[in-house]
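Residues per chain, in single letters:
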Amino acid sequence: MKHPDAVPAPPAARSDDPSGTGAEGRTSLAALRAHLDSRLPGAARAWLDQAVAEAAAHPGTHGPISVWELRIAEAGRRCGDEYADAARVLVLHAAGADPAALGRVYRQGTAAERRAVLHALPHLVSGPDALPLIEDALRTNDTRLVAAAVGPYAALHLDPHNWRHAVLKCLFTGVPVDHVADLERRARADAELARMLGDFAAERTAAGRPVPEDLHRVLALTDPAPAPHGSDTPHAKES
């Protein structure tokens, strides 16, 4: 049986990224660029400078394929696999890619290019227009796509039903729930998610399979908030 590829940290959340994140759990583009500049060799930095400048100068589509789409395709070769996602996010942003352009790159791209599109969504799409891309990624068994799909954009725009199933997808495919943006807030006091987690754990146990440790972590988050101090005496006499 073929094992899924290891799941990398998203470009905005690598453990060696010293930059802070915003309220939505995403690293700023300026911090992302600074992170790349501090790690890419000179030739790769020069290529990225040119790719971003070209994308900014010629946004949109020109001819069968735009110049910035070509740069998206060659980012892995130019920057290396470790930094290609982040480089692609910067090029997509410089090009001002709208949901239609992002959808085109996603549909026509490799798995790595699709992953970069998913990482770019919170920087480029303010509303739910790109949700079909998230939903498509969550239907795959590519663990790296699933990890990218449950980032800040999904946290903001996935409805509760689909978000719960996204969490279950992570548990089922072995994607660490650390990739689920805003997990604590969205899971808090979610009785339906608790029920689904319990059913999933029961199915695994009945089949003689281990229950993922992450399941217990998420289940603990679904506990309702503790009652305010003193609320356990609602019938106390009024003075």
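Before going into details, it helps to say that this report is about the structure given with it. Quick caveat: nothing in here was measured; it's all calculated off a predicted structure.

Okay, the overall build of the protein chain next. Helix and strand counts for the protein chain stand at 13 helices and 0 strands. When its helices and strands are written in sequence order, the protein chain yields α-α-α-α-α-α-α-α-α-α-α-α-α. The 239 residues of the protein chain split such that 45% are buried. Long-range pairs, those at least 24 residues apart, make up 66% of the contacts in the protein chain between residues at least 6 apart in sequence. For the protein chain, the computed accessible surface area is about 12600 Å², with 54% contributed by carbon and sulfur atoms.

At a closest axis distance of 12 Å, the pairing of helix 3 (residues 67–79) and helix 5 (residues 99–108) adopts a crossing angle of 40 degrees. Between helix 3 and helix 5, the interaxial angle falls into the category oblique. The handedness of the crossing between helix 3 and helix 5 is right-handed. Contacts from Trp68, Glu69 and Ile72 of helix 3 reach helix 5 at Ala101, Arg104, Val105 and Gln108.

In total, this model carries 0 aromatic pairs according to the counting rule given. Across from the ring centre of Tyr106, 4.9 Å away, lies the NZ or CZ of Arg114, which sits over that ring.

On to the side chain of Arg71, then. In this fold, Arg71 is placed in helix 3. If we skip the residues at most four places from it in the chain, Arg71 touches Trp47, Ala51, Glu54 and Val91.

Phi at Asp182 is positive, roughly 60 degrees, even though this residue is not glycine. Within the fold, Asp182 resides in the loop between helix 10 (160–173) and helix 11 (183–187). The exposure class assigned to Asp182 is partly exposed, which follows from its relative accessible area of 36%. Even without a glycine there, the phi angle at Ala189 is positive, about 60 degrees. Within the secondary structure, Ala189 is located in the loop between helix 11 and helix 12 (191–206). Of the residues examined, Ala189 reaches a relative accessible area of 43% and is grouped as partly exposed.

With that settled, the discussion passes to the environment of Ala149. Inspection of the secondary structure assignment puts Ala149 in helix 8 (residues 143–149). Along the chain, Ala149 and Glu135 lie 14 residues apart, while their C-alpha atoms are 8.0 Å from each other.

Attention shifts here to the nonpolar core. In a soluble, globular protein the nonpolar side chains are often hidden away together inside. By size, the foremost hydrophobic cluster in this structure holds 66 residues, and its most contacted members are Trp68, Leu118, Leu121 and Ile134. Of the residues forming this core, the biggest block, 8 residues, is contributed by helix 4 (residues 81–94). What Leu121 contacts, discounting residues up to four positions off in sequence, is Leu102, Ala130, Leu133, Ile134 and Tyr153.

With that settled, consider helix 3. Taking 1.5 Å of rise per residue, 13 residues should cover 18 Å, and helix 3 covers 17 Å from first to last C-alpha, within 8% of that figure. Roughly 45 degrees is the biggest bend found in helix 3, and it falls at Ala73. Looking only at helix 3, the buried set comprises Trp68, Glu69, Arg71, Ile72, Glu74, Ala75, Gly76 and Cys79. Of the surrounding secondary structure, the elements contacted by the buried residues of helix 3 are helix 2 (42–57), helix 4, helix 5 and helix 6 (111–124). Trailing helix 3 by a residue or two, Gly80 shows a phi angle of about 90 degrees, which is positive.

Below, the discussion takes up the environment of Val146. Looking at where Val146 falls in the secondary structure, it is placed in helix 8. Separated by 29 residues in the primary sequence, Val146 and Val175 have C-alpha atoms spaced 7.5 Å apart. Apart from residues lying up to four places away in sequence, Val146 is in contact with Ala137, Leu138, Thr140, Lys169, Cys170, Thr173 and Val175.

Parameters and conventions
- Residues numbered from 1 in each chain as written.
- Predicted model: local features only at pLDDT ≥ 70, side-chain atom pairs only at ≥ 80, totals over all residues.
- Heavy atoms only, no water.
- Helix = DSSP H or I, 4+ residues; strand = E, 2+ residues; numbered from the N terminus.
- Buried < 20%, exposed > 50% of the residue type's maximum accessible area, 1.4 Å probe, protein only.
- Contact = heavy atoms within 4.5 Å.
- Areas by Shrake-Rupley, 256 points an atom, 1.4 Å probe, with all protein chains shown as cover.
- Axes fitted to C-alpha atoms, helices over the stretch in contact; angles between N-to-C directions.
- Parallel < 35°, antiparallel > 145°, perpendicular 65-115°, else oblique.
- Left-handed = near helix turned anticlockwise from the far one by under 90°.
- Phe/Tyr/Trp six-rings, centres within 6.5 Å; stacked < 30°, edge-to-face > 60°.
- Lys NZ or Arg CZ within 6 Å of the ring centre and 35° of its normal.
- Core = buried A, V, L, I, M, F, W, Y, C linked by side-chain atoms within 4.5 Å.
- Expected span 1.5 Å × (residues − 1).
- Bend = angle between axes of the 7 residues up to and from the residue.

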